[in-house]
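Listed here are the chains, written in short residue letters.
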Amino acid sequence: MHMSDALLIPAVGGTMYLTSAIAARQSIKKINLEEDYKKLSLMGVAGAFVFAAQMVNFTIPGTGASGHLCGGVLLTAILGPYAAFITMIGILLIQALMFADGGILALGCNIWNMAFYGCFLGGFLIWKPMMKQGMTKKKIMAASVIASMLTLQLGAFSVVLETTISGITELPLIQFTALMQPIHLIIGLIEGLITGSVLVYMYETRPEIIWNEKTICEAGNKKTIQLIFTASLIVSGLFALLASGNPDGLEWAIERAANGTEIIRNSAVHHLLSKLQIGTSLLPDYSLPGSSTPFGTFVSGITGVLLLTASGILASFVLKRFRKKKNYES
Amino acid sequence: MNHKLSERLVLLNYFEKASDQETWMVKINPLCKVILTILFLVILMSFPKYEILGTAGMILYPSVLFAMEHTSIKKIVKTLGPIWLIFILFGLVNIVIDKEMISVPIIGRMPGGVASCITLVLKGILASAASFILVSTTKVEDICFSLQVMKVPKIICIQMMLMFRYLSVILKEAESMNEAYHLRAPGQKGIDRRAWGSFLGKLLIRSIDKAELIYESMMLRGFRGEFRLEKNKKIKKKELAYLLLWTGILFLWRCCIL
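Thresholds, definitions, all that
- The written sequence of each chain sets the order in which its residues are numbered from 1.
- All chains are assigned letters beginning at A, and all ligands numbers beginning at 1, according to the order in which they are written.
- Whole-chain, interface and lining totals are the exception, using all residues; otherwise, since this is a predicted model, local features are given only for residues with pLDDT of at least 70 and side-chain atom pairs are given and counted only at 80 or more.
- Hydrogens and water molecules were not included; the side-chain quantities draw on all heavy atoms of the structure.
- The numbering of helices and of strands both runs from the N terminus, where a helix is a DSSP run of H or I of at least 4 residues and a strand a run of E of at least 2.
- Contact definition: two residues touch when any of their heavy atoms are within 4.5 Å.
- A score from 0 to 100, pLDDT tells how confident the predictor is in each residue.
- Any two of the Phe, Tyr and Trp rings considered here, Trp counted by its six-membered ring, make a pair once their centres fall within 6.5 Å; the pair's planes then place it as stacked at under 30 degrees, edge-to-face at over 60, or tilted in between.
- Relative accessibility under 20% of the residue-type maximum defines a buried residue, over 50% an exposed one, and the middle range a partly exposed one, all with a 1.4 Å probe and only protein chains included.
- Both site types are read off a 1 Å grid over the protein atoms alone. A 1.4 Å probe that fits but cannot get out defines a cavity, while an open set with protein on both sides within 12 Å along at least five of seven lines defines a pocket; lining residues have an atom within 4 Å of a point.
- Grid points are joined across faces, edges and corners, and a volume is the space filled by probe spheres set on the points.
- Note on pairing: DSSP must find at least two bridges between two strands before they are called paired.
- Once two parts are put together, the accessible area they lose, assessed with a 1.4 Å probe and summed over both, is termed the buried area.
- Any Lys or Arg side-chain nitrogen located within 4 Å of an Asp or Glu carboxyl oxygen qualifies as a salt bridge.
- Pairs of N or O atoms are called polar contacts if they sit within 3.5 Å, as long as, within protein, a hydrogen donor faces a hydrogen acceptor (for residues adjacent in sequence, only side-chain-to-side-chain pairs).
- Three classes are used: nonpolar for Ala, Val, Leu, Ile, Met, Phe, Trp, Tyr, Cys and Pro, charged for Asp, Glu, Lys and Arg, and polar for all others, with Gly counted as polar.
- Helix span, as expected, comes to 1.5 Å for every residue beyond the first.
- Throughout this description, the term nonpolar core refers to a set of buried Ala, Val, Leu, Ile, Met, Phe, Trp, Tyr and Cys residues connected via side-chain atoms within 4.5 Å.

## What to know about the environment of Tyr 61 of chain B
All names here are of chain B.
Okay, so step 1: With respect to the secondary-structure elements, Tyr 61 resides in helix H5 (residues 60–69).
Okay, so step 2: Spatially, the C-alpha atoms of Tyr 61 and Leu 250 are 8.4 Å apart, while their sequence positions differ by 189 residues.
Okay, so step 3: In contact with Tyr 61, other than residues within four places in its own chain, are Leu 36, Thr 37, Phe 40, Ala 130 and Trp 246.

Right, dumping it as structure tokens:
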């Protein structure tokens, strides 16, 4: 899944460098706090292991294609998300600068697609909640498979988005996605099974090496949320500027299905709903009302992330209150 | 599996040997080479998708360096060929979808898909060639040094160095485990799929133990989480001239095609 330079324009490459750099900065801060010099050795050898594993491609049965391990989930299960992310950056840097595998300009994209999702989403959203109540072989296998499949799907979709935004391929988004996602689902499954088998073996023989329950409970959520939030702001704000003015995949397909004519509904309900939509839209068509400047697009991207975050905080607050009330009643 | 791994090791060996030679390109300050490669890539990728002429003009940089380094074309094609296939595939898709006629300077009118296909394949070949030059003329330590100068965090540079050195530890362990496996199961082709998990798990644990021993020895010899990279690698006047000359040529070409 290593992207090459030729699949990107500098603006997309630069934006992804920025987002990956923010994630790296937070991770380094976190590792420095730990002040565990011995961890450097473990990071080095685990990184070398994943690096060697990535050299070996496995055949996808029945497709004629091949894939290789990403390793983000495996590293996270051993080192924890922050150290794993830094180790993945090291791996991708070596591949780009010493093997010419994956572009130098595309490094930011590759870090995001292959390391960010695997380490942070795989680690904090799947591995950590599943292992919080204690590890078992079944849980390890399930977490590895789910995390590998999910994070690889997100990585593959990011490749599609980055290439499409760069305007490199004429392939419509939907068709490109339809080509990329299923093959990466199989690769994710195989990666998950291999990762799970390795971790189960390690759990049986040397459980202390695996990111343990103590560390999982200590790893805070606050920084991670900040990290994901900042990255989302940048991606939504800057990518919104780079987004194509052409119709999206779905609109494209509908337009062709309708032979280029816009589908218009004249019923009273449609009129009412469309009036209501115009009245309630703060930023219609991702721009400031009455203007279509890039600044408006930028503002609408940022506003979207802020609104989503606010609704998330509100939902969690309500849920907390609800739980407290229920506990009190019982 | 072993064949692919050994192929990669041969490549690694080739890059290490190439960067050990005493050619003029190897001697140039690594920082100049890294900056120039990044600059070349940014300018190359900034050409629009139908800009065949501008993209083709960028061939000057890698071809001059390859000629001066006497790099074998066969080696380049063998190493980078598989990567080029991806660009060809993307390009072919463009040919099928984009049939709108456009006019290309000097060449004349042609379907947009053909123009974008040529540009994409050219960009892919030239970008990977530029990376190949950097890799084959710069040592690992030198790349880490230039990354540190460019303010890449120390921990990432240390990781790169450690990983690169631990790679041989892992491969040695893998070799001995593989030999033991085949002595136990003579005539068996490869390693049975059911044993992949335990084989890789055992390999990782053995490598971790070995790496810990090496790391403790390093600590005893005064390692405190920092490599002492050569600090006095200042850019000489000649190297600065080399950097400025190429920067000028590349910018001039980009401005001509605006």
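## Overview of the confidence of the model for chain B
Okay, so step 1: Of the residues in chain B, 91% reach a pLDDT of 70 or more, and the chain-wide mean stands at 83.
Okay, so step 2: Averaged pLDDT values for the elements of chain B fall to 66 in helix H1 (residues 2–20) of chain B and rise to 90 in helix H11 (residues 237–256) of chain B.

## Structural notes on the environment of Ile 155 of chain B
Okay, so step 1: Mapped onto the elements, Ile 155 of chain B comes out in helix H9 (residues 154–184).
Okay, so step 2: Those residues in contact with Ile 155 of chain B, other than ones at most four positions away along the chain, are Ile 28, Ile 31, Leu 40, Met 43 and Ile 86 of chain A.

## As for the packing of aromatic side chains
Residue and element names in this part refer to chain A.
Okay, so step 1: Counted under the stated rule, the structure contains 14 aromatic pairs over all chains.
Okay, so step 2: Taking the centre distance of 4.0 Å and the plane angle of 5° together, the rings of Trp 112 and Phe 116 count as stacked. Linking Trp 112 with Phe 116, this pair stays in helix H5 (residues 107–131), spanning 4 residues, or about one helical turn.
Okay, so step 3: The class for Phe 116 is buried, based on a relative accessible area of 4%.
Okay, so step 4: Note on Phe 116 and Phe 120: the rings are 5.3 Å apart at their centroids and 55° apart in plane angle, and the pair reads as tilted. With Phe 116 and Phe 120 both in helix H5, this residue pair falls 4 residues apart, about one helical turn.

## Here we look at unusual backbone geometry
Residue and element names in this part refer to chain B.
Okay, so step 1: The phi angle at Ile 106 is positive, at roughly 70°, despite the residue not being glycine.
Okay, so step 2: In this fold, Ile 106 is placed in the loop between strand E1 (101–104) and strand E2 (108–111).
Okay, so step 3: In the Ramachandran plot, Lys 151 falls in the positive-phi region, its phi being about 70° despite a non-glycine side chain.
Okay, so step 4: Along the chain, Lys 151 turns up in the loop between helix H8 (140–149) and H9.
Okay, so step 5: Looking at Lys 151, the relative accessible area reads 72%, which means it is exposed.

## Thoughts on empty space enclosed by the protein
Okay, so step 1: Overall, the coordinates contain 3 cavities of 30 Å³ or more when judged by the stated rule.
Okay, so step 2: Together, Ser 4, Asp 5, Ala 6, Ala 100, Gly 102 and Gly 103 of chain A together with Ile 83, Phe 87, Gly 124, Ala 127, Ser 128 and Ser 131 of chain B line the largest cavity.
Okay, so step 3: Every element with two or more residues in the lining of the largest cavity is listed here: helix H6 (73–97) and helix H7 (112–137) of chain B.
Okay, so step 4: Element by element, the count of residues in the lining of the largest cavity is highest for H7 of chain B, at 4 residues.

## A few points about the pairing of E2 of chain B
In the case of a regular strand, side chains alternate between the two sheet surfaces.
Okay, so step 1: Sheet topology places E1 of chain B next to E2 of chain B; 4 bridges connect them, and they run antiparallel. Bridge pairing in E2 of chain B places Ser 103 of chain B opposite Arg 109 of chain B.

## Some remarks on the interface of chain B and chain A
Okay, so step 1: With 64 residues of chain B at the contact, the number on the chain A side is 58 residues.
Okay, so step 2: Counting the surface lost from both chain B and chain A, the interface buries some 5,600 Å², and carbon and sulfur atoms represent 80% of this.
Okay, so step 3: The tally of links between chain B and chain A comes to 1 salt bridge.
Okay, so step 4: Among the salt bridges present, the one from Asp 209 of chain B reaches Arg 206 of chain A, with a minimum N-O distance of 3.0 Å.
Okay, so step 5: Joining chain B to chain A, the criterion identifies 4 residue pairs in polar contact (both at pLDDT 80 or more).
Okay, so step 6: Of all the secondary-structure elements, those providing two or more residues to the side of chain B that touches chain A are H1, helix H3 (30–45), H6, H7, H8, H9 and helix H10 (196–220) of chain B.
Okay, so step 7: Top element by residues in the side of chain B that touches chain A is H10 of chain B. It accounts for 16 residues.
Okay, so step 8: Residue composition of the side of chain B that touches chain A, grouped by class: 43 nonpolar, 11 polar and 10 charged.

## Section: the pattern of salt bridges
Okay, so step 1: Using the criterion set out here, one finds 7 salt bridges over all chains in the structure.
Okay, so step 2: A salt bridge links Glu 173 of chain B to Arg 206 of chain B; the nearest nitrogen and oxygen atoms lie 2.8 Å apart. Pair noted here: Glu 173 of chain B is in helix H9 and Arg 206 of chain B is in helix H10, with a separation of 33 residues, a long-range link.
Okay, so step 3: With a relative accessible area of 33%, Arg 206 of chain B lands in the partly exposed category.
Okay, so step 4: The shortest N-O distance in the salt bridge between Lys 210 of chain B and Glu 173 of chain B comes to 3.0 Å. Here Glu 173 of chain B lies in helix H9 and Lys 210 of chain B lies in helix H10, a separation of 37 residues in the sequence.
Okay, so step 5: Residue classification places Lys 210 of chain B among the partly exposed residues on the basis of a relative accessible area of 39%.
Okay, so step 6: A single salt-bridge network, built from bridges that share partners, covers Arg 206 and Glu 208 of chain A together with Asp 209 of chain B.

## Structural notes on H3 of chain B
Residues and elements named next belong to chain B.
Okay, so step 1: The terminal C-alpha atoms of H3, which comprises 16 residues, lie 23 Å apart, in line with the 22 Å expected from a rise of 1.5 Å per residue.
Okay, so step 2: Burial of H3 is extensive: 12 of the 16 residues sit out of reach of the surface.
Okay, so step 3: Residues Pro 30, Leu 31, Cys 32, Lys 33, Val 34, Leu 36, Thr 37, Phe 40, Leu 41, Ile 43, Leu 44 and Met 45 constitute the buried set of H3.
Okay, so step 4: The N-capping residue of H3, defined by a side-chain oxygen 2.8 Å from the backbone nitrogen of Leu 31, is Asn 29.

## Looking at the nonpolar core
Okay, so step 1: Formed by 159 residues in total, the largest nonpolar core has its most connected members in Ile 78, Phe 85, Trp 127 and Met 202 of chain A together with Phe 40 and Met 160 of chain B.
Okay, so step 2: Here the element with the most residues in this core is H9 of chain B; it accounts for 17 residues.
Okay, so step 3: Non-local contacts of Met 160 of chain B, meaning those with residues more than four positions away in its chain, are made with Gly 90, Leu 93, Ile 94, Leu 97 and Met 98 of chain A together with Ile 143, Cys 144 and Leu 147 of chain B.
Okay, so step 4: Core analysis: the second largest hydrophobic core is formed by 5 residues, Ile 52, Ile 102, Val 104 and Ala 115 of chain B among them.

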